[in-house]
Amino acid sequence: MTSTTTPLAIRCFDAGDTDAVVALWQEAFPEYRDTTRPQRNPHLSIANKMTTQPELFFVAELDGRLVGTVMAGYDGHRGWMYSLAVDAAQRRHGIGTRLVAHAEAALTARGCPKVNLQVLCAKDDIRGFYEALGYRADAVISMGKRLGQYADAAPAASGAPA
Ligand SMILES: CC(C)(COP(=O)(O)OP(=O)(O)OC[C@H]1O[C@@H](n2cnc3c(N)ncnc32)[C@H](O)[C@@H]1OP(=O)(O)O)[C@@H](O)C(=O)NCCC(=O)NCCS
């Protein structure tokens, strides 16, 4: 694995990062561009995270430019990791690895004994990324149910979470 040659800063998300994060997510996560799934609204995701453990929402900055994100959360039993994304032009330089390590360290510092994450079945290559970092598939199936105003949201045709 190569390392970044210029210093990479990982820090907590700030409201001023919103536009850059939304642009990054829209490129990295096609579901954020799917207008038939209004529940997949990056602005809503950010606003929600700002009310729940906002200190576990991290961004990576390279030369003053936002190049990566990761969100984590700890519910007192398990930690979860979401929204790991690196700017397409900056991939394979170790930034994703650094973001995961940063989130893991923050969860560990809270006493979190295990972190879970979900990878879409269609993203086989991403599974390889996590396996290279020591993650292993658990013998479980992931089940979910939408609550509240999006309870009736139709599942995505791709099989991705609605
Ligand atoms: C997944 C992602 C964050 C990885 O970021 P990254 O900065 O490129 O990752 P790293 O450079 O730290 O990769 C470390 C190692 O993981 C493995 N790896 C990374 N991306 C991989 C890929 N697409 N396929 C296979 N292995 C991969 C390699 O072993 C790599 O080391 P190498 O470059 O020396 O071969 C990035 O590809 C991304 O943003 N993808 C789109 C969004 C996404 O799907 N996020 C995950 C949601 S679960």
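Enquirer: Teacher, can you tell me more about the overall build of the protein here?
Expert: Scanning the protein from N- to C-terminus turns up four helices and five strands. Listing the helices and strands of the protein from first to last along the sequence gives β-α-α-β-β-β-α-β-α. A globule of 162 residues ought to have a C-alpha radius of gyration of about 15 Å, and the protein, at 16 Å, matches this closely. A principal-axis box enclosing the C-alpha atoms of the protein has dimensions of 45 × 35 × 30 Å. Out of the 162 residues belonging to the protein, those deemed buried represent 19%. For the protein, restricting intrachain contacts to residue pairs at least 6 apart in sequence, the fraction spanning at least 24 positions comes to 60%.

Enquirer: Help me understand the environment of Leu84 in this model?
Expert: Inspection of the secondary structure puts Leu84 in strand S4 (residues 79-86). As for Leu84 and Phe29, which are separated by 55 residues in sequence, their C-alpha atoms are 9.8 Å apart. Other than its neighbours up to four places away in sequence, Leu84 contacts Val70, Gly96, Leu99 and Val100.

Enquirer: Please explain the sheet that holds strand S5 (residues 115-116) as it appears in this structure.
Expert: Strand pairing within a sheet occurs via backbone hydrogen bonds; the two strands may be parallel or antiparallel. Strand order across the open sheet formed by five strands is S1-S2-S3-S4-S5, with mixed pairing between neighbours. With one partner strand each, in any of the chains shown, strand S1 (8-12) and S5 form the two edges of the open sheet. Here S1 pairs with strand S2 (residues 57-62) via five bridges, running antiparallel. Note that in S2 the partner of Cys12 across the bridge is Phe58. Its contacts with the sheet put helix H1 (residues 18-28) on S2, strand S3 (65-74) and S4, and the angle it makes with S3 is roughly 85 degrees.

Enquirer: Any chance you could explain the packing of H1 against helix H2 (residues 42-51) here in plain terms?
Expert: Where H1 contacts H2, the axes come no closer than 10 Å and their chain directions differ by 125 degrees. As judged from the angle between their axes, H1 and H2 are oblique. Relative to H2, H1 is oriented so that their crossing is right-handed. On the side of H1, the interface is formed by Thr18, Val21, Val22, Trp25 and Gln26, while H2 contributes Pro42, His43 and Ile46. Residues that form the contact of H1 with H2 fall into these classes: five nonpolar, three polar and no charged.

What counts and how
Residues numbered from 1 in each chain as written. Predicted model: local features only at pLDDT ≥ 70, side-chain atom pairs only at ≥ 80, totals over all residues. Helix = DSSP H or I, 4+ residues; strand = E, 2+ residues; numbered from the N terminus. Rg over C-alpha atoms; globule rule 2.2 N^0.38 Å. Buried ≥ 20, exposed ≤ 12 C-beta atoms within 10 Å, placed from the backbone. Contact = placed C-beta atoms within 7 Å. Pairing = 2+ DSSP bridges. Axes fitted to C-alpha atoms, helices over the stretch in contact; angles between N-to-C directions. Parallel < 35°, antiparallel > 145°, perpendicular 65-115°, else oblique. Left-handed = near helix turned anticlockwise from the far one by under 90°. Nonpolar A, V, L, I, M, F, W, Y, C, P; charged D, E, K, R; others polar.

Coordinates in, geometry out; function isn't part of it.
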